[in-house]
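Observations on chain architecture
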Amino acid sequence: MGQKPITFLRQVTALCLYPELLNDNKFPDDAKQKAMRILQACGGNSIGSYSASQGIEIIRQDVAKYIETRDGGIRSNPDDIYLSTGASDSIVTMLKLLVAGQGNARTGVMIPIPQYPLYSAALAELGAVQVNYYLDEENCWALDITELRRALEEARKHCNPKVLCIINPGNPTGQVQSRKCIEDVIRFAAEENLFLMADEVYQDNVYAKGCAFHSFKKVLFEMGPKYSDVVELASFHSTSKGFMGECGFRGGYMEVVNMDPAVKQQLTKLVSVRLCPPVPGQALLDVVVNPPQPGDPSYKEFIAV
């Protein structure tokens, strides 16, 4: 696409990879400070070290602050944040955690059609049942609750649907769900006892007039305890899309909400199998969620992008 890397993201990453550059006056002070903070949180002050399986603690703290700011102050707990090898890895991990059973008891996973092929491929690999629900092409690829209910009732004849996957903003369709639509989906998930997976990696790619991104977590908590205390949700974001476009660094995160502590313990065990996400990707993610602020030396150049 010809998109040029954002200077500040690459400066901090370069400093983390080769700390001798911290003595180079070509790098701004705020980039050096961020790099030193990240390095101090790494084993041996090196991003060549393993991190905790869930991700470096200060980066999870920064992700939690980012989510709180995005969602207008709704609290985010760093212990509910799992850093990952891009969003794809955490999506597959979550599906692996949720899929169980045999025959008609096999877990069914509802996915939108058209869909991002990650979902159909992962479900085939895990032996889960793919439950298609169709977006309304004539209505700008909108999600319709009537269609969700049709798909669910049909699927219950041959599997046990337990998971509802939402891609918002959509890929490949590009639709951005309205707040009302998100509320309807949350009510549907609560009524049918479905685990919600919200793939929100395109949240910085909203351009159309009258469209705005609403996170599922924000809407869930604004709907009150009847839903915010009950609906289980995992949401995903990454460094790959939006203004950053840093796909190759494989940085991402997952936030889980209302997950049973015993299940969450199993999730932590499951991510531990892969030791840890790539630490350079974690470092880049930290700069994405904690960018230059007004008054910082790099702010003017960063915001001009």
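Scoring rules and cut-offs
Along each chain, the written sequence defines residue order, and numbers are assigned to residues from 1. Side-chain atom pairs in this predicted model are given and counted only at pLDDT of 80 or more, local residue features only at pLDDT of at least 70, and totals for whole chains, interfaces and linings cover all residues. To get the side-chain values, all heavy atoms of the structure are used, and hydrogens and water are removed first. UniProt positions are given in the numbering used here, feature names are shortened, and annotations may be inferred rather than shown by experiment. Here pLDDT means the predictor's own confidence in every residue, given as a number from 0 to 100. Think of it this way: any DSSP run of H or I at least four residues long counts as a helix, any run of E at least two long counts as a strand, and we number them from the N terminus. Think of it this way: DSSP has to see at least two bridges between two strands before they count as a pair. Fitted lines through C-alpha atoms serve as axes, helices being fitted only where they are in contact, and the angles separating the N-to-C directions of these axes extend from 0 to 180 degrees. Whether two residues are in contact is decided by their heavy atoms: any pair within 4.5 Å suffices. An angle below 35 degrees is treated as roughly parallel, one above 145 as roughly antiparallel, one from 65 to 115 as roughly perpendicular, and anything else as oblique. A clockwise turn of the near helix away from the far one marks a right-handed crossing, whereas an anticlockwise turn of less than a right angle marks a left-handed crossing.

An unreviewed UniProt entry lists the chain under the name alanine transaminase, from Staurois parvus. Within the UniProt record for the chain, the comment given under Cofactor (unreviewed entry) is "pyridoxal 5'-phosphate". Regarding the chain, the UniProt comment filed under Catalytic activity (unreviewed entry) reads as follows: "L-alanine + 2-oxoglutarate = pyruvate + L-glutamate".

Details of the confidence of the model for the chain
Looking at the chain, pLDDT values average 89 and 99% of them are 70 or higher. Here helix α12 (residues 299-304) is the element of the chain with the lowest mean pLDDT, 83, and helix α3 (residues 57-70) is the one with the highest, 95.

Describing the sheet that holds strand β6 (residues 233-238)
The strand order β1-β7-β6-β5-β4-β2-β3 describes an open sheet built from seven strands, whose pairing is mixed. Only two strands of the sheet have a single partner each, and these edge strands are β1 (81-85) and β3 (129-134). Strand-to-strand twist across the sheet, computed as the mean angle between neighbouring axes with direction ignored, equals 25 degrees. Packed on one face of the sheet, helix α6 (residues 145-155) meets β2 (107-113), β3 and β4 (160-167) and runs near 150 degrees to β3.

Quick look at the packing of helix α4 (residues 86-98) against helix α10 (residues 261-272)
With their axes 10 Å apart at the nearest point, α4 and α10 run at an angle of 130 degrees to one another. With respect to α10, the element α4 is oriented oblique. The way α4 lies across α10 gives a crossing that is right-handed. Counted together, Thr-93, Met-94, Lys-96 and Leu-97 of α4 and Val-263, Gln-266, Leu-267, Leu-270 and Val-271 of α10 form the full contact between these two elements.

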